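Overview (structure and organization)
Now for the letters of each chain:
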Number of protein chains: 4
Amino acid sequence: MKKIAVFTSGGDSPGMNACIRAVVRTGIYKGLEVYGIQRGYEGMIEGDIKRLYSHSVSNIVQRGGTMLKSARSEEFRTPEGRKKAYDNLKILGIEGLVAIGGDGTFTGAKLFFEEFGIPTVGCPGTIDNDIYGTDYTIGFDTAVNTALEAIDKIRDTAAAHDRIFFIEVMGRDAGFIAVESGIGGGAEFVMVPETQTDLKSVVKSLKNLRKTKTSSIIVVAEGDDLGNAEEIMQKVKTAIKDPEKEFKVTTLGHIQRGGKPTARDRVLASRCGMAAVEGLLSGKTNCMAGVMNQQVVYTPFGDCIGKPKPLIEDHLKLIDILSI
Amino acid sequence: MKKIAVFTSGGDSPGMNACIRAVVRTGIYKGLEVYGIQRGYEGMIEGDIKRLYSHSVSNIVQRGGTMLKSARSEEFRTPEGRKKAYDNLKILGIEGLVAIGGDGTFTGAKLFFEEFGIPTVGCPGTIDNDIYGTDYTIGFDTAVNTALEAIDKIRDTAAAHDRIFFIEVMGRDAGFIAVESGIGGGAEFVMVPETQTDLKSVVKSLKNLRKTKTSSIIVVAEGDDLGNAEEIMQKVKTAIKDPEKEFKVTTLGHIQRGGKPTARDRVLASRCGMAAVEGLLSGKTNCMAGVMNQQVVYTPFGDCIGKPKPLIEDHLKLIDILSI
Amino acid sequence: MKKIAVFTSGGDSPGMNACIRAVVRTGIYKGLEVYGIQRGYEGMIEGDIKRLYSHSVSNIVQRGGTMLKSARSEEFRTPEGRKKAYDNLKILGIEGLVAIGGDGTFTGAKLFFEEFGIPTVGCPGTIDNDIYGTDYTIGFDTAVNTALEAIDKIRDTAAAHDRIFFIEVMGRDAGFIAVESGIGGGAEFVMVPETQTDLKSVVKSLKNLRKTKTSSIIVVAEGDDLGNAEEIMQKVKTAIKDPEKEFKVTTLGHIQRGGKPTARDRVLASRCGMAAVEGLLSGKTNCMAGVMNQQVVYTPFGDCIGKPKPLIEDHLKLIDILSI
Amino acid sequence: MKKIAVFTSGGDSPGMNACIRAVVRTGIYKGLEVYGIQRGYEGMIEGDIKRLYSHSVSNIVQRGGTMLKSARSEEFRTPEGRKKAYDNLKILGIEGLVAIGGDGTFTGAKLFFEEFGIPTVGCPGTIDNDIYGTDYTIGFDTAVNTALEAIDKIRDTAAAHDRIFFIEVMGRDAGFIAVESGIGGGAEFVMVPETQTDLKSVVKSLKNLRKTKTSSIIVVAEGDDLGNAEEIMQKVKTAIKDPEKEFKVTTLGHIQRGGKPTARDRVLASRCGMAAVEGLLSGKTNCMAGVMNQQVVYTPFGDCIGKPKPLIEDHLKLIDILSI
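Just so it is clear, the structure is predicted and the values come from calculations on it, not from any experiment. (Residues numbered from 1 in each chain as written. Chains lettered and ligands numbered in written order. Predicted model: local features only at pLDDT ≥ 70, side-chain atom pairs only at ≥ 80, totals over all residues. Heavy atoms only, no water.)

Counting its regular elements, chain A contains 11 helices and 11 strands. For 324 residues, the compact-globule estimate of 2.2 N^0.38 gives 20 Å, and the C-alpha radius of gyration of chain A, at 22 Å, lies within 12% of that figure. Considered along the principal axes of its C-alpha atoms, chain A spans approximately 70 × 35 × 30 Å. Buried residues in chain A amount to 65% of all 324 residues. Of the contacts made within chain A by residues no fewer than 6 positions apart, 74% connect residues no fewer than 24 positions apart. On chain A, roughly 11200 Å² of surface is accessible, and the fraction owed to carbon and sulfur atoms is 49%. (Helix = DSSP H or I, 4+ residues; strand = E, 2+ residues; numbered from the N terminus. Rg over C-alpha atoms; globule rule 2.2 N^0.38 Å. Buried < 20%, exposed > 50% of the residue type's maximum accessible area, 1.4 Å probe, protein only. Contact = heavy atoms within 4.5 Å. Areas by Shrake-Rupley, 256 points an atom, 1.4 Å probe, with all protein chains shown as cover.)

Structure representation (structure tokens):
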């Protein structure tokens, strides 16, 4: 293998740049030429690919976003689109790919590998942490800390006004961000897609809490079964029927995707990037390089996408205990 | 004067605690007894007032929110409510008041002083900066920096995806937060209540910008004449008619009120708090202690509430020039 | 078991408060009375112990330092001191202890248990991460991020002036902080106690690097075998003999111990605190509750203190590769 | 005037990039060609000058350091050096200069203008705030906030261990950083070059304070008349003679120069940059564009360098009062 290419795809996450940097420098260190593909599969189809050098990735380890940009590609879903992409890689002599992204990215990479056989190793770049095969995904730690800082700020104002705040964090299918920012932020409740949210018991507990606490924070993952934060607030407000109590909603939104990556995300991203290149060189393909139990592990794309990744039991227990 | 009391009222703002601390310690330094009234006018009516000592305000200079809590009081709008409040102060022998808050707080304080004659000096505690008689209000600098950090984060993800982002910041009647966070964040447009927003020219400029820039940030003060961020986004989207372009909205909301105060806010808060007590002792009343041109200035409550505080001309110019 | 007590000892670390909170609330949740001992073993000897309630630990999860304070106790090293401590616990009816700290704390706890038999479970509270029996210690993640932020800032000024910066981080016997902040900060070299630092090869590499890079960052753990940062800088400067090159040293010092704990530290601290209480209730003693491979693990104090905890191999490789 | 050039010189300060950006975009907006000179006067002598476009300064408003780099130039102190610099500007047809920096920068600019007559306007870029003709300098607000964050962190650990901490901040000739970070951080003492530090009275006060406070923070400007922080600590320790009390020193050092600029610094930098270009176009020269009383003011270089800028009286009073 002489030439490899790297790209980012799907929603961006903090640490993607650190991962790109590690792929580029590990590749060069091992004697490879490394190329960067712009805007994920879209740039692969358009041939928007250029050589990257060691200095191309200087001074990016601390930056959010992705220097290679990211996009969704409808065309890559078609056989014609994938053929174009393959032809572009062929022309340049690219013999291996590193795909940084989440579910959708790996689904595409799996299909592409099965059709055209270019060795491909993935790196788990998504803030949601919902990828099997790695304890944490790149960007998750930063997103949790961003959510936590917001919760810390809102608690100041919640306490000053004796309010009940519903804070919506990202997580359409997974409650990892909600759970860890909820524990860290001292939330009274955390509502996640993985468990059924029981409105009656929430309302009962909130009424009980009011005897000892004047303000409360409720963290809601956007994909909770009871609705989004605004909807849940309305339901709770209707059920509590206390005209003197103020209920407020804050939806954190896109600030959770950006920002300087934390140390943990930079180190994880660097390690996964190095492991992806080492994996390609040792014959790995159609799999993702993750870190489990402090060791690099390669997991087939099929498992990364298909296997469920449960929340940590202890974390759910903690929320109950710590809110007393 | 032997006994004074301090309270916070209206929306909380970062730095209120630093201000309370300065009032308490300056009072004690000058030989006074200082009392804290809980939850603003509400606590004054209920007699929720207690003695504060030097150590009562230890380790709060860096905290957001307000240790004295804040609330809106419907009852204080009635003559009966104000009479109750006065009686409570009388019983304790309170001879002077320091009122930390904004418009509403000073309106109440003015009325109360005119009716009962207890000397009162205000401190400008509001994130909106819309109080005449001080260059900056306590909390404004922190709110701008919080908004700016959010904009910095969103720019990462906007750039990664070539998106147009509408970011709504606080400011129902005043565009100060929008303007300063917009300049600092390198926003392409800033929409504020003070100036008429021309949809056609925005759309035209956005189309022009697209030749050189792939992503744009538009900062919207919540009180803009064209609507809130969501509404403006819909109008712009409809007018631009580009199915490939993604338009996103993020409403920063209550995170702008909380958080550790910045150095500037802590220093300003400390200075206003000291000046309020010194003012009371030198016979000032019915006025606010602010800082203009680096000097302490006492401005009648009537002017603080009634006089307009215009945006800085140069700042509006900067937005136009810097977005090219 | 009806009554337990918790204390912090040794150098403070961010997250200790979150751990205390978890101990207190888990204890109460399980029907126990929980006591707090001030200033570690010193307060145990002096009988400075008081009951803690759920509200005693409100609003501390986000605070650095330790609300129970910490101290070194010479007297606890004597049999008389330990007897006094035991008597105080006896009087209050304390039947179990949670000891939050590092090496020294656990050495004391082991001895105390062996002499007096009061069941004791530890929680790993130290920024250095040098405790066997847990993947990470409470406070380590925050310390790394604090060091990293400092490195990010110094890189700005290093790049502006083409300088070589030596940054000393904490770590008398362990290089964990140096390694993770070095990878995250894009350091050109990281010098740690665990590996021999070869002056000649550093100088040679620095000369090579200068062909492509104009500024360099070298992270030095305070306990490196070649000396502290100032000493190493002098050696390198002497060896390089380039009068035009500026060499600077920054010693981060105590800022690494303080600050708001990160999400990771708050969650880990909460989990260890809960596990310590659950451990006591299920008969565990003379051991530490840590988290390995995402699971709670109880490790005998003897092993925590005695067994070495090596750096992660991949991390050392990353530093070499990423600095090209 | 058709062509202007901009450069940064002396110690770098956060906001310099925002200032460069404003100079470039204002210049282009006004129809000028704008050039960037690398490494200050050094690059002027070497002819290291290149054209800057609007996109050259994209995405730098939030970065610390200076994209044009900075250096000290011995050669510029010689008539031959300055002649070379002039010739390089002449060849390119540069008709105006914007010099971003402090004392040394303006001293050089004044001399250069007097010898060669190229119109030059300065912008106050230094963290020390010791330039007459502007209320604040570019970078000061960021430096104060960086120092303040460090003080907040150290207070956590000081309180946990009942220690006395001496924190040294930048300020060889001026105490602005020390004073504002000291007020904001709740320091018990602040020692600055502008006032004589009386060892006896400090020791006496520290002994008094110990009756009510167990830990203390003392902020020392590096240029204090009593010595640096380490020296002062030794003197105080010797005088207090309390073997049980721990005295610690932290020198913040270069972290104060770097980091993302605050909102205030970005806005000030942008405004000064715009004003410098507008000044050049309206015939201003040999002067600095600063902001006083919220208005742009042009002050002759001679005054900027020569006139003293006193500390704010109220701030010194605050330190005394707030430490009780």
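Strands pair in a sheet through their backbones, by hydrogen bonds, and they do so in one of two ways: parallel or antiparallel. All names here are of chain A. Pairing is mixed in the open sheet, where seven strands are placed in the order β3-β2-β1-β4-β5-β10-β11. The two strands at the open ends of the sheet, each matched to only one other strand, are β3 (49-52) and β11 (295-300). Ignoring which end each strand starts from, the neighbouring axes of this sheet average 30° apart. Alignment of strand β2 (residues 33-37) against β3, held across four bridges, turns out to be antiparallel. Residue pairing for β3: Tyr35 is matched across the bridge by Arg51. Its contacts with the sheet put helix α1 (residues 16-29) on β1 (3-8), β2, β3, β4 (96-101) and β5 (120-124), and the angle it makes with β4 is roughly 165°. (Pairing = 2+ DSSP bridges. Axes fitted to C-alpha atoms, helices over the stretch in contact; angles between N-to-C directions.)

Take the relation of the copies chain A and chain C next. With an RMSD of 0.0 Å, the fit of chain A onto chain C corresponds to turning through 180° and sliding 0.0 Å along the axis. Each copy turns onto its partner about a two-fold axis. Every residue of chain A has its C-alpha some distance from the rotation axis, and the shortest such distance is that of Asn293 of chain A, at 2.2 Å. Of the interface residues in chain A, 100% have counterparts in chain C that sit at the interface too, so the contact is made through matching surfaces. (Least-squares fit on C-alpha atoms with pLDDT ≥ 70 in both.)

Before going further, it helps to examine the interface of chain A and chain C. Each partner contributes to the interface: chain A provides 46 residues, whereas chain C provides 46 residues. Of the roughly 4400 Å² buried between chain A and chain C on both sides combined, carbon and sulfur atoms contribute 56%. The largest contributions to the chain A side of the interface with chain C come from Arg264, Gln294 and Ile324 of chain A, which together make up 16% of the buried area. Lys317 of chain C is the partner of Glu278 of chain A in a salt bridge, and the nearest nitrogen-oxygen pair spans 2.9 Å. (Buried area = accessible area lost by both parts, 1.4 Å probe. Salt bridge = Lys/Arg side-chain N within 4 Å of Asp/Glu carboxyl O.)

The next point concerns the interface of chain B and chain A. Residue-level contacts link 32 residues of chain B with 32 residues of chain A. Buried surface at the junction of chain B and chain A, summed over both partners, amounts to about 2400 Å²; 51% is from carbon and sulfur atoms. Looking only at chain B, the three residues that lose the most surface to chain A are Lys153, His254 and Ile255 of chain B, adding up to 26% of its buried area. In this structure, the connection of chain B to chain A is made through two salt bridges. Its salt-bridge partner being Asp162 of chain A, residue Lys69 of chain B comes within 3.0 Å of it at the nearest N-O pair. Elements that contribute at least two residues to the side of chain B that touches chain A include exactly α5 (140-161), β6 (163-169) and β9 (246-251) of chain B. With 10 residues, the top contributor of residues to the side of chain B that touches chain A is α5 of chain B.

Residues and elements named next belong to chain A. Per the domain assignment, the segments of chain A are domain 1 (3-139 + 261-306) and domain 2 (144-257). Taking only C-alpha atoms, the centre of domain 1 and the centre of domain 2 are 35 Å apart. Domain 1 puts 10 residues into the contact, and the matching count from domain 2 is nine residues. Across the domain 1 to domain 2 interface the summed buried area is about 780 Å²; carbon plus sulfur atoms make up 52%. Our count for the domain 1 to domain 2 interface comes out at zero salt bridges. At the boundary of domain 1 with domain 2, the tally comes to one residue pair in polar contact (both at pLDDT 80 or more). (Domains from an automatic or database assignment. Polar contact = N/O pair within 3.5 Å; in protein donor to acceptor, adjacent residues only side chain to side chain.)

Residues and elements named next belong to chain C. Spatial strand order, β3-β2-β1-β4-β5-β10-β11: seven strands in an open sheet with mixed pairing. Two strands lie at the open edges of the sheet, namely β3 (49-52) and β11 (295-300), each paired on one side alone. Taken over all neighbouring pairs, the strand axes of this sheet differ in orientation by 30° on average, direction set aside. On top of the sheet, helix α9 (residues 263-281) reaches β1 (3-8), β4 (96-101), β5 (120-124), β10 (287-292) and β11; it is set at about 170° to β5, its chief contact.

On to the relation of the copies chain B and chain A, then. Least-squares fitting of chain B to chain A yields an RMSD of 0.0 Å, with the superposition described by an axial translation of 0.0 Å and a rotation of 180°. A share of 100% of the interface residues of chain B reappears at the interface of chain A, consistent with the copies meeting face to face through the same patch.

This part is about the pairing of strand β5 (residues 120-124) of chain D. All names here are of chain D. Most of β5 is tucked away, with five of its five residues classed as buried. Of the two faces of β5, both are covered, the one formed by Thr120, Gly122 and Pro124 as well as the one formed by Val121 and Cys123. Inspection of the sheet shows strand β4 (residues 96-101) paired to β5 by five bridges, in the parallel sense. Paired with Ala99 across the strands is Gly122, a residue of β5. For the crossover from β4 across helix α4 (residues 103-116) to β5, the handedness is right-handed. Judged from the two bridges that link them, β5 and strand β10 (residues 287-292) form a sheet pairing that is parallel. Following the sheet pairing, Val121 is matched in β10 by Cys287. (Right-handed = clockwise from strand over helix to strand, strands pointing away.)

A few words on a negative patch on the surface. A grouping of Glu149 of chain A, Glu149 of chain B, Glu149 of chain C together with Glu149 of chain D is seen on the molecular surface, where their side chains present a negatively charged patch. Relative to the assigned elements, Glu149 of chain A resides in helix α5 (residues 140-161). Judged by its relative accessible area of 38%, Glu149 of chain A is partly exposed. (Patch = residues over 30% accessible without salt bridge, like charges linked within 9 Å, V, L, I, M, F, W, Y side chains within 5 Å. Lys, Arg positive; Asp, Glu negative; His and termini not counted. Charge placed at Lys NZ, Arg CZ, Asp CG, Glu CD.)

Time to look at the side chain of Arg257 of chain A. Along the chain, Arg257 of chain A falls in the loop between β9 (246-251) and α9 (263-281). The side chain of Arg257 of chain A is buried and forms no salt bridge, while Asp12 of chain A, the nearest opposite charge, is found at 4.5 Å. Polar contacts involving the side chain of Arg257 of chain A include one to the main-chain carbonyl oxygen of Asp12 of chain A, which spans 3.2 Å. Setting aside anything within four residues of it in sequence, one finds Arg257 of chain A in contact with Gly11, Asp12, Ser13, Pro14, Ile127 and Met170 of chain A together with Thr157 of chain B.

Of all the residues in helix α11 (residues 313-322) of chain C, the buried ones are Asp314, His315, Leu318, Ile319, Ile321 and Leu322 of chain C. For α11 of chain C, the elements touching its buried residues are α1, α9 and β11 of chain A together with α6 (176-184) and β7 (189-191) of chain C.

Right, let's get into the environment of Glu278 of chain A. Here Glu278 of chain A shows up in helix α9. Taking the C-alpha atoms as reference, Glu278 of chain A lies 9.7 Å from Ala289 of chain A; in sequence the two are 11 residues apart. If we skip the residues at most four places from it in the chain, Glu278 of chain A touches Lys30 and Tyr298 of chain A together with Lys317 of chain C.

Residue and element names in this part refer to chain A. Looking at the element boundaries, Ile232 is found in helix α8 (residues 229-240). It is 9.8 Å that separates the C-alpha atoms of Ile232 and Met191, two residues lying 41 residues apart in sequence. Non-local contacts of Ile232, meaning those with residues more than four positions away in its chain, are made with Phe166, Met191, Val220, Asp224, Leu226 and Gly227.

With the rule as written, the count across this model stands at 32 aromatic pairs over all chains. Judged by centre distance (5.0 Å) and plane angle (25°), the ring pair of Phe106 of chain B and Phe301 of chain B falls under stacked. One end of the pair, Phe106 of chain B, is in helix α4 (residues 103-116); the other, Phe301 of chain B, is in helix α10 (residues 301-306), with 195 residues separating them in the sequence. By the burial criterion, Phe106 of chain B is buried, and Phe301 of chain B matches it. Members of the aromatic cluster, joined through ring pairs, are Phe7, Tyr41, Phe76, Tyr86, Phe112 and Phe116 of chain A. Sitting over the ring of Phe176 of chain C, Lys309 of chain C keeps its end group 5.7 Å from the ring centre. (Phe/Tyr/Trp six-rings, centres within 6.5 Å; stacked < 30°, edge-to-face > 60°. Lys NZ or Arg CZ within 6 Å of the ring centre and 35° of its normal.)

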